[in-house]
Amino acid sequence: DQHSNMLATLKVVSQDKFKQWIENGGGKGKFVPTAEAGKKLYFQQGCSACHSLDEKQDIGPSWKEIYNTSRSFNNAPSTKADENYLRESIVNPGKKIVKGYQNQMPSYSGLLRDEQINAIIEFIKTVK
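Report follows, based on the coordinates. Worth saying up front: this structure is predicted, and the values here are computed from it rather than measured.

1. Side note on helix α4 (residues 114-126)
With 13 residues, α4 ought to run about 18 Å at 1.5 Å a step, and its terminal C-alpha atoms sit 19 Å apart, in line with that. Of the residues making up α4, those classed as buried are Q116, I117, A119, I120, I121, F123 and I124. Close packing links the buried residues of α4 with α2 (35-44) and α3 (83-91).

Listed below in C-alpha cells is the structure:
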C-alpha cells in the first residue's frame, strides 16, 4: 500500500550490468576486498590490457611478483611496492613512472571505490 508515493530512483540496466552489480554486493552488505574479487576487477576494469600476470613486457609493468619488491622510477626515488605504493599507482599513476615505461595509465580516482582498490591490491599480492 502507498508504494507509488515512495521516493525512489528506478534504474534500468542491461543484464550484464545487473550481474556485475550483484557480484559487487548488490547494494546490500559490504563488498569484501578479497584477492578473488581483485582478480575479477583486473579483467572487468581493463587492467589486463596493459599489465600482464607473467614476466611479459606490456604497456605497463607486469604484476608478477611485484608486491614488496624495490621499484625504480624515471621521475622519483626508488621505493618498495607496498600497499601504499600500489594504491598511489592506481589513484595517481603519473607520480612515479617505472623505469622503461611512459605515463600512459589513467587515474582510477573516483572510478573505483576504496574497497575495489583494496581488492586489486590483495590480488596483486598473490600474483606469483
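Moving on from the model shown.
2. With respect to the nonpolar core
Within the largest apolar cluster, 23 residues are counted, with the highest numbers of intra-cluster contacts made by W63, Y85, I90, L112, I120 and I124. The residues contacting L112, other than those within four sequence positions of it, are Q45, I90, I117 and I120.

3. Regarding the packing of aromatic side chains
For the structure shown, the criterion picks out 5 aromatic pairs. Pairing W63 with F123 gives two aromatic rings, centres 6.4 Å apart and planes at 65°, and the pair type is edge-to-face. Linking W63 in the loop between α2 and β1 (70-71) with F123 in helix α4, this pair joins segments that are 60 residues apart in sequence. Among the residues examined, W63 registers a relative accessible area of 8% and is labelled buried.

4. Points about the side chain of Q116
With respect to the helices and strands, the residue Q116 is situated in helix α4. Polar side-chain contacts of Q116 include one of 2.8 Å to the backbone nitrogen of R113. Those residues in contact with Q116, other than ones at most four positions away along the chain, are N24, F31, L41 and L111.

5. What about the pattern of salt bridges?
In the structure shown here, the tally under the stated rule is 7 salt bridges. Connected through shared salt-bridge partners, E83, E122 and K125 make up one network.

Parameters and conventions
- Residues numbered from 1 in each chain as written.
- Predicted model: local features only at pLDDT ≥ 70, side-chain atom pairs only at ≥ 80, totals over all residues.
- Heavy atoms only, no water.
- Helix = DSSP H or I, 4+ residues; strand = E, 2+ residues; numbered from the N terminus.
- Expected span 1.5 Å × (residues − 1).
- Buried < 20%, exposed > 50% of the residue type's maximum accessible area, 1.4 Å probe, protein only.
- Contact = heavy atoms within 4.5 Å.
- Core = buried A, V, L, I, M, F, W, Y, C linked by side-chain atoms within 4.5 Å.
- Phe/Tyr/Trp six-rings, centres within 6.5 Å; stacked < 30°, edge-to-face > 60°.
- Polar contact = N/O pair within 3.5 Å; in protein donor to acceptor, adjacent residues only side chain to side chain.
- Salt bridge = Lys/Arg side-chain N within 4 Å of Asp/Glu carboxyl O.

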